[in-house]
Amino acid sequence: MVNRRTKILIQKYSLYGFILLVLYLLQNTPGLFAIGQIKPVLVLPFIVCIAMLEGELVGGLLGVAAGLLCDCGSSLIFGVNSLIFMVACVAVGLLVIYYMQPSLINSLLFTGALALARQLFEYFFYYLMWGYPNASLVLVKGMLPTVLYTLAVTPLFFWGVQKLYGWYKHRLDP
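Residues numbered from 1 in each chain as written. Predicted model: local features only at pLDDT ≥ 70, side-chain atom pairs only at ≥ 80, totals over all residues. Heavy atoms only, no water.

A. Local environment of the environment of valine 147. In this structure, valine 147 sits in helix α6 (residues 135-172). Residue class for valine 147 comes out buried when judged on its relative accessible area of 6%. In the structure, valine 147 is positioned 32 residues away from alanine 115 in sequence and 5.7 Å away in space, judged by C-alpha atoms. Ignoring any residue separated from it by four or fewer positions in sequence, one finds valine 147 in contact with Gly112, Ala115, Leu116 and Gln119. (Helix = DSSP H or I, 4+ residues; strand = E, 2+ residues; numbered from the N terminus. Buried < 20%, exposed > 50% of the residue type's maximum accessible area, 1.4 Å probe, protein only. Contact = heavy atoms within 4.5 Å.)

B. Quick look at helix α5 (residues 104-128). The end-to-end C-alpha distance of α5, which contains 25 residues, comes to 33 Å, matching closely the 36 Å that a straight helix rising 1.5 Å per residue would cover. Along α5, the residues classified as buried are Asn106, Ser107, Phe110, Thr111, Gly112, Leu114, Ala115, Arg118, Gln119, Glu122 and Tyr123. Check the buried side of α5 and you find it contacts α2 (43-54), α4 (80-98) and α6. (Expected span 1.5 Å × (residues − 1).)

C. View of helix α1 (residues 4-27). Compared with an ideal rise of 1.5 Å per residue, which puts 24 residues at 34 Å, α1 spans 35 Å between its outermost C-alpha atoms and is within 8% of the ideal. Listed as buried for α1 are Ile8, Lys12, Tyr16, Leu20, Leu23, Tyr24 and Gln27. Taken together, the buried residues of α1 touch α2, α3 (56-72) and α6.

D. Highlighting the packing of aromatic side chains. Taken as a whole, this structure holds seven aromatic pairs when the rule is applied. Taken together, a centroid distance of 4.9 Å and an interplanar angle of 80° make the contact between tryptophan 167 and tyrosine 168 edge-to-face. Residue tyrosine 168 is classed as buried on the basis of its relative accessible area of 2%. An aromatic cluster of at least three residues, connected via ring pairs, comprises Tyr13, Tyr16 and Phe46. (Phe/Tyr/Trp six-rings, centres within 6.5 Å; stacked < 30°, edge-to-face > 60°.)

E. Representation of unusual backbone geometry in the model. Unlike most non-glycine residues, phenylalanine 33 shows phi in positive territory, near 65°. At asparagine 134, a position not held by glycine, the phi torsion is positive, near 60°. Position of asparagine 134 relative to the elements: it lies in the loop between α5 and α6.

F. Main features of the packing of α1 against α2. Two elements in contact, α1 and α2, have axes separated by 9 Å at closest approach and are oriented at 160°. In terms of orientation, α1 and α2 fall into the roughly antiparallel class. Contacts between α1 and α2 involve Lys12, Tyr13, Tyr16, Ile19, Leu20, Leu23, Tyr24 and Gln27 on the former and, on the latter, Val43, Phe46, Ile47, Ile50 and Glu54. Residues that form the contact of α1 with α2 fall into these classes: ten nonpolar, one polar and two charged. (Axes fitted to C-alpha atoms, helices over the stretch in contact; angles between N-to-C directions. Parallel < 35°, antiparallel > 145°, perpendicular 65-115°, else oblique. Nonpolar A, V, L, I, M, F, W, Y, C, P; charged D, E, K, R; others polar.)

G. Seen up close, a nonpolar patch on the surface. Together, Phe121, Phe124, Phe125, Leu128, Met129, Trp130 and Tyr132 give the surface a local cluster of nonpolar side chains, amounting to about 750 Å² of exposed area. Residue placement: leucine 128 occurs in helix α5. (Patch = residues over 30% accessible without salt bridge, like charges linked within 9 Å, V, L, I, M, F, W, Y side chains within 5 Å. Areas by Shrake-Rupley, 256 points an atom, 1.4 Å probe, with all protein chains shown as cover. Salt bridge = Lys/Arg side-chain N within 4 Å of Asp/Glu carboxyl O.)

In structure tokens:
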């Protein structure tokens, strides 16, 4: 027999998965949220905020799921995004547990660092390493604005995830 607490946890994690899927679909919808050719990576601030509040296990698992979704629509080798997102979310979860507080500033720092690391990884291995002419234009006009746009939407995710986490925490610990 499943008790009340288990039902609430199943509901919470199912909702996290559903939100992750919806965010992935929204970020990959052509023309939606686009400013010129620049679009935010919506799943990134979501998984970082979850990792900050839920810890390294849930953050790492959602990081893998988000990475697998992003791998489906990415030019990177399949699995690279999942590995990067998982390691980053586990690190964020552990940093917040042991050294930092879950705050908006920290969510901006973590999201910016993860977005920048992911974009620089792609830039190095897919453009710079092969010596494409004017490869720096890809970085300056495409990748860095994507990082900034992702950072711009991060506060919305932090406050939303914080409210959702608080609501479930209240239901679990009456």
